[in-house]
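Observations on the model geometry
Each chain is listed here by its residues.
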Amino acid sequence: MKWITREKIKVDRVACPWLIKKFIDPDAQFFFAPADQVTSRAAELGATPFDVKDCELGHHGEDVSFNSFLKKYRLTDPALVLLGEIVRAADSHPSNPHPAGEGLRWLASGFSALGLGDHEILTREFVVYDALFAECQRRINADKKPS
C-alpha cells in the first residue's frame with residue numbers, strides 16, 4: 001500500500017506510519033508533500049492520504065489521525081488504545097490529555113529541530129514508538145494483575 005501525508009512530519013504523521021508498518025502493512029510506502037499538493041499527489045501515486053484536512057484518516061472531533069486508524073482497522077489492543085491517548089495529547093489539545101503526551105510532543109519537536117528529512121525521522125523515531133508501545137503494554141498488563 002502507498003500512503004501520503006503532509007511533509008515536515010511530527011507526532012501524528014510519525015505515529016501513523018509506525019502503526020501502519022507494525023499492524024496494517026509491513027511493506028507500506030510513504031510519501032510526503034506540501035499540504036496543498038497531498039490530494040493531487042495521492043491521485044497520481046494511487047496513495048491513501050492521511051492526517052490532512054477533510055480526509056477519512058484525519059482528525060475528527062478530539063480524535064487525531066492515529067485514533068482514526070485504530071477505528072478504521074478495528075485495532076482494539078488496550079496498549080494501542082493507550083498509545084492513542086498519548087498521541088492525541090501530544091498532537092492536539094484534548095479536554096483530558098494523557099500526561100505522557102507532553103513528553104512525546106517534546107521528543108517530536110526535538111527530532112524536527114535536528115533538520116532531518118521526513119524518511120530519516122521515520123527511521124529514527126520508530127524506536128521511540130516501539131518503546132512507548134512496550135511501556136503501554138507493561139502498564140496495561142500491570143493493571144491486570146490481581147492485588
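In the block above lies the structure referred to throughout.
The present account deals with the structure reproduced in this document. (Residues numbered from 1 in each chain as written. Predicted model: local features only at pLDDT ≥ 70, side-chain atom pairs only at ≥ 80, totals over all residues. Heavy atoms only, no water.)

A few words on the overall build of the chain. The helix and strand inventory of the chain stands at six helices and three strands. For the chain, the N- to C-terminal ordering of α and β elements is β-α-β-α-β-α-α-α-α. For 147 residues, the compact-globule estimate of 2.2 N^0.38 gives 15 Å, and the chain sits close to it at 15 Å. Across its three principal directions, the C-alpha atoms of the chain cover 55 × 35 × 30 Å. (Helix = DSSP H or I, 4+ residues; strand = E, 2+ residues; numbered from the N terminus. Rg over C-alpha atoms; globule rule 2.2 N^0.38 Å.)

Attention now moves to the sheet that holds strand E1 (residues 2-6). The strand order across the open sheet built from three strands is E2-E1-E3, with neighbouring strands paired in parallel fashion. Unpaired on one side and paired on the other, strand E2 (29-33) and strand E3 (48-49) mark the two borders of the sheet. Strand direction decides the pairing type here: E1 and E2, joined by five bridges, are parallel. Paired with Arg 6 across the bridge in E2 is Ala 33. (Pairing = 2+ DSSP bridges.)

What follows is about the packing of aromatic side chains. According to the stated counting rule, one finds eight aromatic pairs in the structure shown. Between the aromatic rings of Phe 50 and Phe 69, the centroid separation amounts to 5.8 Å while the plane-to-plane angle is 75°, which identifies the pairing as edge-to-face. Remark: Phe 69 occurs in helix H3 (residues 65-72) and Phe 50 occurs in the loop between E3 and H3; sequence separation between them is 19 residues. Three or more aromatic residues joined by ring pairs make a cluster, and in this case those are Trp 3, Phe 50, Phe 69 and Tyr 73. Taking NZ or CZ as reference, Lys 72 lies 5.9 Å from the ring centre of Tyr 73, over its face. (Phe/Tyr/Trp six-rings, centres within 6.5 Å; stacked < 30°, edge-to-face > 60°. Lys NZ or Arg CZ within 6 Å of the ring centre and 35° of its normal.)

What follows concerns the pattern of salt bridges. Here the structure, examined in full by the defined rule, presents 12 salt bridges. Arg 138 is the salt-bridge partner of Glu 135, the closest N and O atoms lying 2.7 Å from each other. With Glu 135 and Arg 138 both in helix H6 (residues 118-144) and three residues apart, the pair spans about one turn of that helix. The exposure class assigned to Glu 135 is partly exposed, which follows from its relative accessible area of 29%. Shared partners join several salt bridges into a network, and the residues in it are Asp 63, Lys 71, Glu 85 and Arg 88. (Salt bridge = Lys/Arg side-chain N within 4 Å of Asp/Glu carboxyl O. Buried < 20%, exposed > 50% of the residue type's maximum accessible area, 1.4 Å probe, protein only.)

Quick look at the nonpolar core now. Ranked by size, the top nonpolar core spans 37 residues in total, and within it Trp 18, Phe 66, Val 87 and Tyr 129 carry the most contacts. Broken down by secondary-structure element, the contributors of at least two residues to this core are helix H1 (11-24), E2, H3, helix H4 (78-91), helix H5 (101-113) and H6. With eight residues, H6 is the largest single contributor of residues to this core. Apart from residues lying up to four places away in sequence, Trp 18 is in contact with Phe 23, Phe 66, Leu 80, Leu 83, Phe 126, Tyr 129, Asp 130 and Phe 133. In terms of nonpolar packing, the next biggest core, distinct from the first, is built from seven residues, Ile 4, Ala 42, Val 52 and Cys 55 among them. (Core = buried A, V, L, I, M, F, W, Y, C linked by side-chain atoms within 4.5 Å. Contact = heavy atoms within 4.5 Å.)

By themselves, these are just geometric observations and shouldn't be taken as functional.
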